[in-house]
Amino acid sequence: MKIALDTHTHTLASGHAYNTISEMAEAASELGLEILAITEHAMAMPGTCHQFYFENLKVVPREMHGVRLMMGTEANIINLNGELDMPDYLLAKMDLVIASMHLPCVTPGTAEENTNAVIAAMKHPSVSIIGHPDDARIPMLYEPLVKAAKEHNVLLELNNSSLNPNGFRLNARDNDIEMLKLCKEYGVSITLGSDAHFSTDIANYNYAFDVLNEVDFPEELIANTDVEKFLTLLRRKRNDL
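In this text, all values refer to a predicted model and were calculated from it rather than measured experimentally. (Residues numbered from 1 in each chain as written. Predicted model: local features only at pLDDT ≥ 70, side-chain atom pairs only at ≥ 80, totals over all residues. Heavy atoms only, no water.)

1. Focus: the overall build of the protein
What the protein contains, in helices and strands, is eight helices and eight strands. Taking 18 Å as the expected radius of gyration for a compact globule of 241 residues, we find that the protein reaches 16 Å, a close match to that expectation. Taken along the three principal axes of its C-alpha coordinates, the protein extends 40 × 40 × 35 Å. In the protein, once contacts between residues fewer than 6 apart in sequence are set aside, the share between residues at least 24 apart is 78%. In the structure as shown, the protein presents an accessible area of about 10,000 Å², 50% of it carried by carbon and sulfur atoms. Measuring between centres, the 18 positive side-chain charges of the protein sit 6 Å from its 34 negative side-chain charges. (Helix = DSSP H or I, 4+ residues; strand = E, 2+ residues; numbered from the N terminus. Rg over C-alpha atoms; globule rule 2.2 N^0.38 Å. Contact = heavy atoms within 4.5 Å. Areas by Shrake-Rupley, 256 points an atom, 1.4 Å probe, with all protein chains shown as cover. Lys, Arg positive; Asp, Glu negative; His and termini not counted. Charge placed at Lys NZ, Arg CZ, Asp CG, Glu CD.)

2. Details of the nonpolar core
Ranked by internal contacts, the top residues of the largest apolar core, which has 66 residues, are Met122, Leu156, Ile190, Leu192 and Phe217. Among the elements that make up this core, the one with the highest residue count is helix 6 (residues 172-186) (six residues). Dropping the residues within four chain positions of it, leucine 156 is found in contact with Met122, Ile130, Leu145, Val146, Ala149, Met179, Cys183, Ser189, Ile190 and Thr191. Listed in part, the 15 residues of the second largest apolar core include Ile35, Ala37, Ile98 and Phe230. (Core = buried A, V, L, I, M, F, W, Y, C linked by side-chain atoms within 4.5 Å. Buried < 20%, exposed > 50% of the residue type's maximum accessible area, 1.4 Å probe, protein only.)

3. A look at the side chain of asparagine 76
Within the secondary structure, asparagine 76 sits in strand 4 (residues 67-76). Only 2.7 Å separates the side chain of asparagine 76 from the side chain of aspartate 85, close enough to count as a polar contact. The residues contacting asparagine 76, other than those within four sequence positions of it, are Ala42, Ala44, Met45, Glu83, Leu84, Asp85, Ser100, His102 and Cys105. (Polar contact = N/O pair within 3.5 Å; in protein donor to acceptor, adjacent residues only side chain to side chain.)

4. Considerations on helix 1 (residues 21-30)
Side chains of residues three or four places apart in an α-helix project in the same direction, reflecting 3.6 residues per turn. Along helix 1, the positions that sit buried rather than exposed are Ile21, Met24, Ala25, Ala27 and Ala28. Projection of helix 1 onto a plane perpendicular to its axis shows the buried side chains occupying an angular sector of 160 degrees, all on one side. Buried residues belonging to helix 1 abut strand 2 (35-41), helix 2 (51-55), strand 3 (63-64) and strand 4. Just downstream of helix 1, glycine 32 is the residue with a positive phi angle, here 80 degrees. (Arc of directions from axis to C-beta.)

5. Regarding the packing of aromatic side chains
Tallied over the full model, the rule gives two aromatic pairs. Aromatic side chains tyrosine 53 and phenylalanine 54 sit 5.3 Å apart centroid to centroid with 85 degrees between the ring planes, which places their arrangement in the edge-to-face category. Judged by its relative accessible area of 2%, phenylalanine 54 is buried. With 6.0 Å between their ring centres and 75 degrees between their planes, tyrosine 205 and phenylalanine 209 make a pair best called edge-to-face. Look at tyrosine 205 and you get buried, because its relative accessible area is 1%. (Phe/Tyr/Trp six-rings, centres within 6.5 Å; stacked < 30°, edge-to-face > 60°.)

6. Some remarks on the packing of helix 4 (residues 111-122) against helix 5 (residues 142-152)
Between two packed helices, what matters for the description is the angle formed by their axes and the separation of those axes. The N-to-C vectors of helix 4 and helix 5 enclose an angle of 5 degrees; their axes lie 10 Å apart at closest approach. Classed by the angle they form, the pair helix 4 and helix 5 counts as roughly parallel. For the pair helix 4 and helix 5, the contacting residues are Thr115, Val118, Ile119 and Met122 in the first and Pro144, Leu145, Ala148, Ala149 and His152 in the second. In terms of residue class, the contact of helix 4 with helix 5 is made up of seven nonpolar, two polar and no charged. (Axes fitted to C-alpha atoms, helices over the stretch in contact; angles between N-to-C directions. Parallel < 35°, antiparallel > 145°, perpendicular 65-115°, else oblique. Nonpolar A, V, L, I, M, F, W, Y, C, P; charged D, E, K, R; others polar.)

7. Observations concerning the environment of leucine 145
Tracing the chain through its elements places leucine 145 in helix 5. Residues in contact with leucine 145, not counting those within four places in the same chain, are Thr115, Val118, Met122, Pro133 and Leu156.

8. Describing the packing of helix 5 against helix 6
For the pair helix 5 and helix 6, interaxial distance at closest approach is 9 Å and the crossing angle is 45 degrees. By the criterion of interaxial angle, the relationship of helix 5 to helix 6 is oblique. Handedness of the helix 5/helix 6 crossing: right-handed. Facing Tyr142, Glu143, Val146, Lys147 and Lys150 of helix 5, the residues of helix 6 in contact are Asn175, Glu178, Met179, Leu182, Cys183 and Tyr186. (Left-handed = near helix turned anticlockwise from the far one by under 90°.)

9. Description of the pairing of strand 2
With seven of its seven residues buried, strand 2 lies for the most part within the structure. Bridge count for strand 1 (residues 5-6) against strand 2 is two bridges, and the pairing is parallel. The residue bridging leucine 5 from the neighbouring strand is isoleucine 35, located in strand 2. Handedness of the β-α-β unit built from strand 1, helix 1 and strand 2 comes out right-handed. (Pairing = 2+ DSSP bridges. Right-handed = clockwise from strand over helix to strand, strands pointing away.)

Structural data, given as structure tokens:
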């Protein structure tokens, strides 16, 4: 499978990653990627960058080492109403917005409450991806989640880092398999996110590929295989809202 882009990576600015923007772009170039999304944790995450960082992203070139950069954020869903930790005017300026639930930033509820929070975040006009909805510590109901992703033209993420056996998210493999089977059934597109916090993990989808193969997931529903496919999916969300 050809991989043209990675939609979820972090740099030094996130506070617990280890490379610069230039180093990440150079690594992506060496891998032959056409697009690299750099999606720093938004402000509720302990140790991440200040709001000023995101307000100043206009100074960052959108092409480095021959790779198109999408400078965005992994915004935090901060309550069960689905509110995000970045103001709307700033979310609208991001090249790409992932919305995720992280335990340092939200107190989870029931599976139904968590699912409703994520669905509420999907409705935000700037949100294009739901990040790693696979952690059993933040349980989800996958059929309504997948149906809502289809309705609101949002990509669900298969996060390679979640599937790492040494990772901290619980039961991610089983949850991802359930999600992927439903995406396959309902024709919902996904994105592969490396969640790289170091340059050598960019576009590293080794665990994700294993799960995709297990469920015989159709390549046409994977956004990362073609730049125009990915950009078309993003435009579909923007035109819909």
